[in-house]
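Each chain, written out:
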Amino acid sequence: RKEVEQDPGPFNVPEGATVAFNCTYSNSASQSFFWYRQDCRKEPKLLMSVYSSGNEDGRFTAQLNRASQYISLLIRDSKLSDSATYLCVASGGSYIPTFGRGTSLIVHP
Amino acid sequence: GAVVSQHPSWVICKSGTSVKIECRSLDFQATTMFWYRQFPKQSLMLMATSNEGSKATYEQGVEKDKFLINHASLTLSTLTVTSAHPEDSSFYICSAPDRATEAFFGQGTRLTVV
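This one's a predicted model, so the numbers in the text were calculated from it and none came from an experiment.

*Asks:* Give me the lowdown on the interface of chain A and chain B, citing residues and values where you can.
*Replies:* On the chain B side, the residues contacting the 16 residues of chain A number 20 residues. When the two sides are added together, the surface that chain A and chain B hide from each other amounts to roughly 1,500 Å², 59% of it contributed by carbon and sulfur. On the surface where chain A and chain B come into contact, there are zero salt bridges. At the boundary of chain A and chain B, one finds one residue pair in polar contact (both at pLDDT 80 or more). Top contributing element to the side of chain A that touches chain B by residue count: strand β4 (residues 32-38) of chain A, with four residues. Tallied by class, the residues present in the side of chain A that touches chain B amount to nine nonpolar, three polar and four charged.

*Asks:* Can you break down a nonpolar patch on the surface residue by residue, with the values?
*Replies:* Residues and elements named next belong to chain B. A surface patch of nonpolar side chains, about 370 Å² in accessible area, is lined by W10, I12 and V114. Structurally, W10 is set in strand β2 (residues 10-13). Using a relative accessible area of 58% as the deciding quantity, one classes W10 as exposed.

*Asks:* So what's going on with the pairing of strand β8 (residues 70-75) of chain A? Which residues, and what values?
*Replies:* Residue and element names in this part refer to chain A. Alignment of strand β3 (residues 19-25) against β8, held across six bridges, turns out to be antiparallel. Bridge pairing in β8 places F21 opposite L73. Bridging between strand β7 (residues 60-65) and β8 involves six bridges; their strand directions are antiparallel. Residue pairing in the sheet places Q63 in a bridge with S72 of β8.

Parameters at a glance
- Residues numbered from 1 in each chain as written.
- Chains lettered and ligands numbered in written order.
- Predicted model: local features only at pLDDT ≥ 70, side-chain atom pairs only at ≥ 80, totals over all residues.
- Heavy atoms only, no water.
- Contact = heavy atoms within 4.5 Å.
- Buried area = accessible area lost by both parts, 1.4 Å probe.
- Salt bridge = Lys/Arg side-chain N within 4 Å of Asp/Glu carboxyl O.
- Polar contact = N/O pair within 3.5 Å; in protein donor to acceptor, adjacent residues only side chain to side chain.
- Helix = DSSP H or I, 4+ residues; strand = E, 2+ residues; numbered from the N terminus.
- Nonpolar A, V, L, I, M, F, W, Y, C, P; charged D, E, K, R; others polar.
- Patch = residues over 30% accessible without salt bridge, like charges linked within 9 Å, V, L, I, M, F, W, Y side chains within 5 Å.
- Areas by Shrake-Rupley, 256 points an atom, 1.4 Å probe, with all protein chains shown as cover.
- Buried < 20%, exposed > 50% of the residue type's maximum accessible area, 1.4 Å probe, protein only.
- Pairing = 2+ DSSP bridges.

If you want it as structure tokens, here you go:
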């Protein structure tokens with residue numbers, strides 16, 4: 001079983017739609033969680049950290065459920081520019097990021 | 001924000017030759033850097049952890065004699081792919097945490113071995 005699992009998609013949604021991604025992690029010792037965005041052939045870039053209390057940044061909302069060991073990312077009012085691969089990351093105390101396979105999002109007009 | 005610079009961004013080499021990839025932290029010191037490899041439509045897979053002043057730690061299945069890592073200073077780590085073969089063609093990315101909350105990535109190196 002992979003340490004971090006994501007539905008690879010692709011999620012194909014129209015502009016303005018709301019889309020949600022889920023990610024599960026197997027290492028209960030994981031302490032830090034993040035969502036990264038990766039455009040084709042580019043390096044991943046931090047989208048947002050994920051806190052137990054949940055956090056929101058504009059159209060993006062991330063939530064963490066430690067009991068069920070899953071992380072979610074909600075994107076509201078999707079834009080064409082949101083098209084990318086979204087990577088879920090979990091790490092332990094020594095901070096070696098473990099990446100999920102990524103979920104591909106395609107936003108169409 | 002913290003910046004990690006990786007060079008070259010792409011390289012084409014012949015089978016059997018060696019390729020060196022550099023990863024530099026530009027505005028912070030990184031005692032630890034991570035090297036990842038990403039095949040098409042696959043996730044980033046950790047290859048090794050580079051430690052300044054000591055030997056790198058390799059993940060299971062990664063040949064330490066083939067992927068040589070040197071972390072000579074607090075701002076530079078290098079990955080050398082020795083005797084490269086076509087199956088080594090991939091996207092290689094380095095990462096360095098400036099603190100225990102975020103990882104910063106180099107731009108990545110696309111290696112093609114012909």
